[in-house]
Amino acid sequence: MKKRKIEDTPTRWHVLDDPEAIAVQAAQRILQAASRAITGRGLFRIVLAGGRTPEAAYRLLVDADTDWSRWEIYFGDERCLPVDDAQRNSLMAARALLDSVAVPAANVHPIPAERGAEAAAGEYELVVRAALPFDLVLLGIGEDGHTASLFPGQQHPPDRLVHAVRNAPKPPPDRVSLSAGALSEAREVLILVTGAGKQTAIQGWRAGERLPITEIGGPAQVDVLLDKAAQA
Ligand code: 6PG
């Protein structure tokens, strides 16, 4: 896994009142990043986070004033389930945002995890290689300090941008995840954290424990939005 270096930009921590405040500020930051990227480069390459935390922010984006035709959508990880399974990160993003905005279908790049972890990782490796660097990577954090589908104690080949994940402790066991390196090859990383269940992970992170989440960074500016319940 990519180790953060001393010269990496320091992580910025922002404590907000509650999940609603996190969603509002996350949506604002996403749109600001989109505006910078579209103005500067004519395109906004964003990596969406899975899980439940980002959903409220995605819903707030539906009515945003932005040029959706300039957005390119990628996913940080995916569960190896059928495309229409309610547990798919791609389905959550579609229902919360993508089905309601005019991002061209060709600009949405789901991880083909329904084809199995190895096959999907091999295919998505090419997609990610062509997309780097991302403009913005969104991430959550698990109670154990995992992020995307990078779990503590699991080793992955250091030379890959996308990993096949087996025996994940958070169901389903088979997943596909971008590597820490790929998730760090971005102008900005925004990590959303809500709820008391994340306190232990936040405590470990701030105490200097080495966790998958702490491998994210590199030249990217990392901002953590956490609510008071999650604050250690
Ligand atoms: C997944 C996610 C995962 C998630 C964290 C937090 O596929 O499960 O990518 O990394 O971000 O587990 O999940 P919640 O936001 O639901 O707490």
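The preceding data block contains the structure.
Here the structure is a predicted model, which is why all the values come from computation and not from measurement.

1. A few points about the layout of surface pockets
Moving on, step 1. By volume, the largest pocket amounts to about 700 Å³.
Moving on, step 2. As for the largest pocket, its lining consists of 40 residues, of which G50, G51, R52, T53 and K170 are closest to the centre.
Moving on, step 3. Looking at the lining of the largest pocket element by element, the count peaks at five residues for helix α1 (residues 19-41).
Moving on, step 4. Tallied by class, residues from the lining of the largest pocket come to 17 nonpolar, 13 polar and 10 charged.

2. Some details on empty space enclosed by the protein
Moving on, step 1. Applying the stated criterion across every chain, the model contains one cavity of 30 Å³ or more.
Moving on, step 2. Residue assignment for the lining of the largest cavity shows that the elements contributing at least two residues are α1, β8 (186-193) and β9 (221-227).
Moving on, step 3. Here the lining of the largest cavity gets three residues from one element, more than from any other, and that element is β8.
Moving on, step 4. Residues belonging to the lining of the largest cavity are distributed by class as follows: four nonpolar, one polar and three charged.

3. A short note on the site of the ligand
Moving on, step 1. Around the ligand, a shell composed of 15 residues is seen, among which T53, H146, A148, K170 and K198 lie nearest.
Moving on, step 2. Within the side chain of R79, a nitrogen or oxygen atom sits 2.8 Å from an oxygen atom of the ligand.
Moving on, step 3. Here an oxygen atom of the ligand and a side-chain polar atom of K198 are 2.7 Å apart.
Moving on, step 4. For the ligand, whose free accessible area comes to 420 Å², the fraction covered by protein is 96%.

4. Quick look at the packing of aromatic side chains
Moving on, step 1. The tally for this structure, following the rule as stated, stands at four aromatic pairs.
Moving on, step 2. Ring centres of F44 and W71 lie 4.8 Å apart, and the angle between their planes is 85°; this geometry places the pair in the edge-to-face category. With F44 in strand β2 (residues 44-48) and W71 in strand β3 (residues 71-75), the pair connects residues that are 27 residues apart, well separated along the chain.
Moving on, step 3. Of the residues examined, W71 reaches a relative accessible area of 1% and is grouped as buried.
Moving on, step 4. Residues W68 and W71 carry aromatic rings whose centres are separated by 4.4 Å and whose planes lie at 45° to one another, so their mutual orientation is tilted. Neither W68 nor W71 differs from the other in exposure class; each is buried.

Reading the values: the criteria
- Residues numbered from 1 in each chain as written.
- Predicted model: local features only at pLDDT ≥ 70, side-chain atom pairs only at ≥ 80, totals over all residues.
- Heavy atoms only, no water.
- 1 Å grid on protein atoms, 1.4 Å probe; cavity = no way out; pocket = protein on both sides within 12 Å on 5 of 7 lines; lining within 4 Å.
- Points joined across faces, edges and corners; volume = space filled by probe spheres on them.
- Helix = DSSP H or I, 4+ residues; strand = E, 2+ residues; numbered from the N terminus.
- Nonpolar A, V, L, I, M, F, W, Y, C, P; charged D, E, K, R; others polar.
- Near = heavy atom within 4 Å.
- Polar contact = N/O pair within 3.5 Å; in protein donor to acceptor, adjacent residues only side chain to side chain.
- Areas by Shrake-Rupley, 256 points an atom, 1.4 Å probe, with all protein chains shown as cover.
- Phe/Tyr/Trp six-rings, centres within 6.5 Å; stacked < 30°, edge-to-face > 60°.
- Buried < 20%, exposed > 50% of the residue type's maximum accessible area, 1.4 Å probe, protein only.

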